[in-house]
Amino acid sequence: MFNANVRSLTLGGSWIRSGSAQCTPSGFYDDDDRVWEGLHAALDMVTPDFDDGDHLDGLKEMPVAQTLPKQLQTYVTYVTRGERFCEGFLASVIDSGRLQETLERFLELYGNEHN
């Protein structure tokens, strides 16, 4: 399961990095399944942070390269829930480059475990 999660993270990040993430005329992304698979793989690796709202202070402004595993757990939960409750939220995270950085940070921290 771990290797499948790493593969999903890699594919999601590659799809975003390739420029395939194209905004529709209505201002939303046609969310490719690879992005959601990458997000769900990240959550499988660290489990959701059910208190993410309490842990967000300063996290949204923190450089992703400095985040610790618990902070990544909070951020991925926040992104997943954000899209659920606010259509277009995921598009804003993709546009900002933060989702790509987050998936890359996951691979940096977890990509070599169990190999």
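Up top is the structure these notes are about.
Residues numbered from 1 in each chain as written. Predicted model: local features only at pLDDT ≥ 70, side-chain atom pairs only at ≥ 80, totals over all residues. Heavy atoms only, no water.

Caption draft 1: Up close: the overall build of the protein. Helix and strand counts for the protein come out as 6 helices and 0 strands. Overall, the protein shows an N-to-C arrangement of helices and strands of α-α-α-α-α-α. Of all 115 residues assigned to the protein, the portion counted as buried reaches 45%. When contacts within the protein are restricted to residue pairs at least 6 apart in sequence, those whose partners lie at least 24 apart make up 71%. Taken as a whole, the protein presents about 6400 Å² of accessible surface, with 51% of it coming from carbon and sulfur. (Helix = DSSP H or I, 4+ residues; strand = E, 2+ residues; numbered from the N terminus. Buried < 20%, exposed > 50% of the residue type's maximum accessible area, 1.4 Å probe, protein only. Contact = heavy atoms within 4.5 Å. Areas by Shrake-Rupley, 256 points an atom, 1.4 Å probe, with all protein chains shown as cover.)

Caption draft 2: Representation of unusual backbone geometry. Here T47, not a glycine, exhibits a phi torsion of approximately 65°, which is positive. Mapped onto the elements, T47 comes out in the loop between helix 2 (33-46) and helix 3 (52-55). Residue classification places T47 among the partly exposed positions, given a relative accessible area of 45%.

Caption draft 3: Local environment of the nonpolar core. Formed by 21 residues in total, the largest nonpolar core has its most connected members in L39, V79, L90, L99 and F106. Taken together, the elements giving at least two residues each to this core come down to helix 2, helix 4 (69-85), helix 5 (89-96) and helix 6 (98-110). (Core = buried A, V, L, I, M, F, W, Y, C linked by side-chain atoms within 4.5 Å.)

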